[in-house]
Structure formats: C-alpha cells, structure tokens
Amino acid sequence: MKRLKVRWRQGHRTVTFPGEKASLPENFRGRPVLDAGRCPDGCRACADACPTDAILIDGGAGSARIDLGRCVFCQDCVEACPEGAVTYTQDYRMATREREDLALQGGVKLAAALDRKMLKMFGRSLKLRHVSAGDCSACTAELQALGNVVFDLARFGVQFVASPRHADGLVITGPVTLNMRLALEKTWKAVAPPRLVIAVGACAISGGPFRGHPQANDGADGIVPVDLYVPGCPPHPLTILDGLLRLLGRIEAGGRWEGNGRQDPQLDAVQPGTSSTV
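Residues numbered from 1 in each chain as written. Predicted model: local features only at pLDDT ≥ 70, side-chain atom pairs only at ≥ 80, totals over all residues. Heavy atoms only, no water.

This brings us to the overall build of the protein. Each helix and strand counted, the protein has eight helices and 10 strands in total. In the protein, which comprises 278 residues, the proportion classed as buried is 50%. Once local pairs closer than 6 in sequence are excluded, the contacts in the protein between residues at least 24 apart make up 75%. Counting every atom, the protein has about 13,400 Å² of accessible surface; 50% of that belongs to carbon and sulfur. (Helix = DSSP H or I, 4+ residues; strand = E, 2+ residues; numbered from the N terminus. Buried < 20%, exposed > 50% of the residue type's maximum accessible area, 1.4 Å probe, protein only. Contact = heavy atoms within 4.5 Å. Areas by Shrake-Rupley, 256 points an atom, 1.4 Å probe, with all protein chains shown as cover.)

Structure representation (structure tokens):
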C-alpha cells in the first residue's frame, strides 16, 4: 500500500520530449561553444589544456574549432582560457550523420533523416543490439536510462534486443579495444543488411582519452560504417534520443510526436535526407 501511495504522489513521470522544451539542471554541460573572435594571436591555452586534443587550431587567430567527437566535456579548456572564449551551453542536440560535422566552427549540422527507403523499413520499428567495445560503462548506463519510465524509448518503437540476428542495427560504446574488435566485426556481420550503426560517446567516435593507444582502435568507424555519431562523455539520454529521432525522421514541424499539439520552439523541421544547423 505504501508503494502505491508513493507512485500516486509521483504522478506522470515520463518526459514529453520532443513535445516540449527539455528541463535540464543548471550545471548541465551541453554543446560547447568557442568564440574564436576573442582568441588573441598565438594563444593556445585552451588547446594545450585539452586532454584529448579536441580543440583544433590550424592557423592564426580565428581558426580555433572544437571537435565534439573528441571532447570529453571536462571544462579544462574553460578554466584555461584567459579570454573566456569557451563556454558550455545547455543545448543537448549534438548528434550528426557525418564525422566531419562534429568539428565545429560555428553551429553544428544536426543529423539528417534516413532516406525514404530506409525510413519505410525502420521509421516505425527499430531493434538495436548494444556492443560494449571496451567502454567504462558510463555510456552504457545512459543507454539503460533510455529504457526507464522517464525517457521510455520503447514508446517510439525503438528497442534493444539480445541477439544481432533480431537486430536492425548496432549501438557501439567504447574505443573498440583490440580484444573487442573481432567480436564487433562478427556482431556486425550477424545483423542482416540493410543495417544501421550508431556510435555513442567520445570513445566510440574517436577513441576519447584512449585515442592513439596501441590497445584501442580509435573508435568504431575505422572498422564498421557508422550512420549516426552521438558525442558526449557520456552523452545525456536526451542527446541520444534526439539523435535517434532525427535519424528516424520523427523530429519535424507538425510531426506525430509533438505531443498534445504543443510545439517546442527548439525543434526544427527535419525531412528525409535533409539536416538542420544550430
């Protein structure tokens, strides 16, 4: 009886995403922004402080970029920058279709929807097999959170399955250690084509803090083709969910998943084969 009373007091717990603007804590670290115009000539303070070489300075002042695929959201660059040029926003939307789109100099080109043929197959039902390829379990924990009552991934027709034979694609976490490379290759081959591959977290995208280590493969896309990159260390469940729904064409103006007819001003039209920039 006590449990029933507690559940009654809690009320409706599932977030209305993507129907309404997401509520995030004040200390949430979303997409980082680097104002290269504030960088003095010759300054490399933020780049030198970055533990994963995520800040790229190819030329003089104004050329600095942040590679979200390498960024571990540690804030070392914020503390090191004497001009305050690096800040973190509360924007959780960061997933992209192409690796190069994660190297930011301005806005981020958000993931485009699959083509119409792929949407016809996967748009309403998508089964995924998770491959933990040497991760620290942080990204795995966020993936597991997608299945709880708050995010309820299954309401969008997306579910994790136990066998690659039952899956439409893979979700990969970790830098793909040497011991896991063969397992990843075999799991990928066991998924019947056409298949999708989603790289979740800095390690799966670039190797993260293990990039260049002889026992790691610097991410998944050197081994299997990746269709969606979800940056973060680890990425918030909303970042993963936003990327998945964009890939499936579910986030679009007037779409069926807006919820109760309410439109979040953050959400933009995403039609099959197109993308948006924020």
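Turning our eyes to something else, we now look at the pattern of salt bridges. Applying the stated criterion across every chain, the model contains eight salt bridges. With a closest N to O distance of 3.7 Å, Asp48 and Arg44 form a salt bridge. With a relative accessible area of 40%, Arg44 lands in the partly exposed category. The shortest N-O distance in the salt bridge between Arg211 and Asp53 comes to 3.1 Å. (Salt bridge = Lys/Arg side-chain N within 4 Å of Asp/Glu carboxyl O.)

Quick look at the nonpolar core now. In this structure, Leu34 and Ile172 are the most contacted members of the largest nonpolar core, which totals 41 residues. Secondary structure elements with two or more residues in this core: α2 (45-49), β3 (64-67), β4 (86-88), β8 (169-173), α6 (178-190), β9 (196-200) and α7 (202-206). Here Leu34 is in contact with Cys39, Ile55, Ala64, Arg65, Ile66, Ala85 and Val86, once residues within four sequence places are set aside. Formed by 35 residues, the second largest nonpolar core is a distinct cluster that contains Ala22, Leu119, Leu143 and Leu241. (Core = buried A, V, L, I, M, F, W, Y, C linked by side-chain atoms within 4.5 Å.)

Here we come to the environment of Val191. Topologically, Val191 is positioned in the loop between α6 and β9. By relative accessible area, Val191 is classed as buried at 0%. Taking the C-alpha atoms as reference, Val191 lies 5.2 Å from Pro164; in sequence the two are 27 residues apart. What Val191 contacts, discounting residues up to four positions off in sequence, is Pro164, Ala167, Asp168, Gly169 and Leu170.

As a further point, take the environment of Leu102. Its place among the elements puts Leu102 in the loop between β4 and β5 (103-104). For the pair Leu102 and Arg70, spaced 32 residues apart in sequence, the C-alpha to C-alpha distance is 8.9 Å. Ignoring any residue separated from it by four or fewer positions in sequence, one finds Leu102 in contact with Ile66, Asp67, Leu68, Gly69, Met94, Thr96, Ile205, Tyr229 and Pro231.

A few words now on the pairing of β3. Burial of β3 is two-sided: the residues Ala64 and Ile66 facing one way and the residues Arg65 and Asp67 facing the other way are all buried. Looking at chain direction, strand β2 (residues 55-57) and β3 are connected through three bridges and run antiparallel. Along β3, the bridge assignment pairs Ile55 with Ile66. Inspection of the sheet shows β3 paired to β5 by two bridges, in the antiparallel sense. In the sheet register, Asp67 faces β5, and the bridge partner there is Ala103. (Pairing = 2+ DSSP bridges.)

As a further point, take the sheet that holds β5. Either a parallel or an antiparallel arrangement is found when strands of a sheet pair, and the pairing is made through backbone hydrogen bonds. Pairing in this open sheet of three strands is antiparallel, and the strands run β2-β3-β5 from one edge to the other. Bordering the open sheet on either side are β2 and β5, each of which pairs with just one other strand.

No statement about biological role is implied by the geometric values presented.
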